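# Descriptive structure summary
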Amino acid sequence: MSNIALPKIDQSIIERKKNIFSKLKKLTAPENFLSHEAEIKPYETDALAAYKQMPLGVILPESTEEVSNILKFCYQENIKVVPRGAGTGLSGGALPLQDAILISLTKFNKILEIDFANKCVVAQPGVTNLSITHAVQHKGFYYAPDPSSQLACSIGGNVAENSGGVHSLKYGTTTNNILGVEIVLMDGTICRLGGKALDQEGYDMLGLICGSEGLLGVITEVTVKILKKPQTVKAALIGFPTHEDGG
Ligand SMILES: Cc1cc2nc3c(=O)[nH]c(=O)nc-3n(C[C@H](O)[C@H](O)[C@H](O)COP(=O)(O)OP(=O)(O)OC[C@H]3O[C@@H](n4cnc5c(N)ncnc54)[C@H](O)[C@@H]3O)c2cc1C
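So, a few notes on the structure that sits alongside this text. (Residues numbered from 1 in each chain as written. Predicted model: local features only at pLDDT ≥ 70, side-chain atom pairs only at ≥ 80, totals over all residues. Heavy atoms only, no water.)

## A few points about the overall build of the protein
A tally of helices and strands in the protein yields 8 helices and 11 strands. Against the compact-globule benchmark of 18 Å for 247 residues, the protein has a radius of gyration of 20 Å, which places it among compact chains. Along the first, second and third principal axes, the C-alpha set of the protein runs to 60 × 45 × 35 Å. Residues counted as buried form 43% of the 247 residues belonging to the protein. (Helix = DSSP H or I, 4+ residues; strand = E, 2+ residues; numbered from the N terminus. Rg over C-alpha atoms; globule rule 2.2 N^0.38 Å. Buried < 20%, exposed > 50% of the residue type's maximum accessible area, 1.4 Å probe, protein only.)

Below, the structure is given as structure tokens:
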């Protein structure tokens, strides 16, 4: 396997870390900021475990306002940030950098609204993919994209990676199943894109965010479509004599 070249470490950030830590601790509850080696060790990698690197610090905000203030501060101080959902990504997107703050979204773990009439769910980004289906299945609904990591992966991570699964053959990937997001841009600006309705006017900014791997901002809320479960499900096996015949 060839090694990925990680960005050069900005030593000026490392030298200022005490000052940076004390300022970040004021932007959330002090216990939501981690910097001791034993505390940040679990964040040193994601599911691409061949690569490991300790972050400068880990912050676990609890509200969109906190995310906005953290990003505003990091933007002004030229500090890199890496958003992290459940850390199941296989492309190293949540891999920390030694001079970067890792923003973990695990405290954003609530389903905010279930709207059966409009067939959608509004969820915080740390909610797991499967728990959306669990929340609506009593009324015969489900959330279609089903990555095989769905028990653990977060809906925010799904948006950032445009994840899909077996159901995607019929229903598409995450980009075809979300209606709106709240995202905090890297300078701290809070934006709402889309909503509960299909095809909002203007440019398809939602399509741009979906699959952007945490590079454009931190997603703080996601509105997903839910579908009615089919009355019957049947498995079919089709054989083709050659790959070409199979398409
Ligand atoms: C066993 C296994 C099976 C898998 N199967 C599939 C599969 O079938 N289909 C598939 O598509 N993937 C699959 N994956 C990959 C992975 O689960 C998905 O990419 C998933 O969407 C990642 O979600 P996460 O919450 O773990 O994100 P993380 O790994 O934490 O992060 C992934 C990326 O998203 C960004 N990110 C996370 N949260 C946010 C946020 N709130 N705002 C902005 N950016 C954010 C991170 O910066 C990073 O770039 C699998 C992984 C494993 C380990």
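## Some details on the sheet that holds strand 4 (residues 100-104)
Neighbouring strands of a sheet are bound in pairs by backbone hydrogen bonds; such pairs are parallel or else antiparallel. Taken in spatial order, the 4 strands make up an open sheet running 1-2-4-3, and their pairing is mixed. Strands at the two margins of the open sheet, each flanked by one partner only, are strand 1 (33-34) and strand 3 (80-84). Here strand 3 pairs with strand 4 via 5 bridges, running parallel. Bridge pairing links Val82 to Leu102 in strand 4. (Pairing = 2+ DSSP bridges.)

## Details of the sheet that holds strand 8 (residues 178-185)
Strand order in this open sheet of 5 strands is 5-6-10-8-9, and the pairing throughout is antiparallel. Of all strands in the sheet, those bounded by a partner on one side alone are strand 5 (111-115) and strand 9 (190-194). Averaged over all adjacent pairs, the angle separating strand axes in this sheet is 15°, with direction ignored. Here strand 8 pairs with strand 9 via 5 bridges, running antiparallel. Across the sheet, Val184 pairs through a bridge with Ile190, a residue of strand 9. Strands in contact with helix 4 (residues 64-76) are strand 8, strand 9 and strand 10 (217-225); relative to strand 8, the strand with the most contacts, it is inclined by about 45°. (Axes fitted to C-alpha atoms, helices over the stretch in contact; angles between N-to-C directions. Contact = heavy atoms within 4.5 Å.)

## Brief notes about the site of the ligand
Neighbouring the ligand are 30 residues; Pro83, Thr88, Ser149, Ser154 and Ser163 lie closest to it. The contact in question runs from an oxygen atom of the ligand to an N or O atom on the backbone of Pro83, over 2.6 Å. In the complex, the protein chains occlude 83% of the 970 Å² of accessible area that the ligand would expose alone. Elements with a contribution of two residues or more to the shell around the ligand: strand 3, helix 6 (155-161) and strand 10. No other element matches helix 6, which puts 5 residues into the shell around the ligand. For the shell around the ligand, the per-class residue count stands at 12 nonpolar, 15 polar and 3 charged. Each of two domains, domain 1 (11-104) and domain 2 (111-228), supplies a minimum of three residues to the shell around the ligand. (Near = heavy atom within 4 Å. Polar contact = N/O pair within 3.5 Å; in protein donor to acceptor, adjacent residues only side chain to side chain. Areas by Shrake-Rupley, 256 points an atom, 1.4 Å probe, with all protein chains shown as cover. Nonpolar A, V, L, I, M, F, W, Y, C, P; charged D, E, K, R; others polar. Domains from an automatic or database assignment.)

## Details of the pairing of strand 10
The element strand 10 is largely enclosed, with a buried count of 8 among its 9 residues. By the bridge criterion, 7 bridges tie strand 8 to strand 10 in an arrangement that is antiparallel. Counted as the bridge partner of Val181 is Val222 from strand 10.

## So, the packing of helix 2 (residues 17-25) against helix 4
At a closest axis distance of 10 Å, the pairing of helix 2 and helix 4 adopts a crossing angle of 155°. Classified by the interaxial angle, the pair formed by helix 2 and helix 4 is roughly antiparallel. The crossing of helix 2 and helix 4 is right-handed. The residues of helix 4 that touch helix 2, namely those facing Ile20, Lys23 and Leu24, are Ile70, Phe73 and Cys74. For the contact of helix 2 with helix 4, a count of residues per class yields 5 nonpolar, no polar and 1 charged. (Parallel < 35°, antiparallel > 145°, perpendicular 65-115°, else oblique. Left-handed = near helix turned anticlockwise from the far one by under 90°.)

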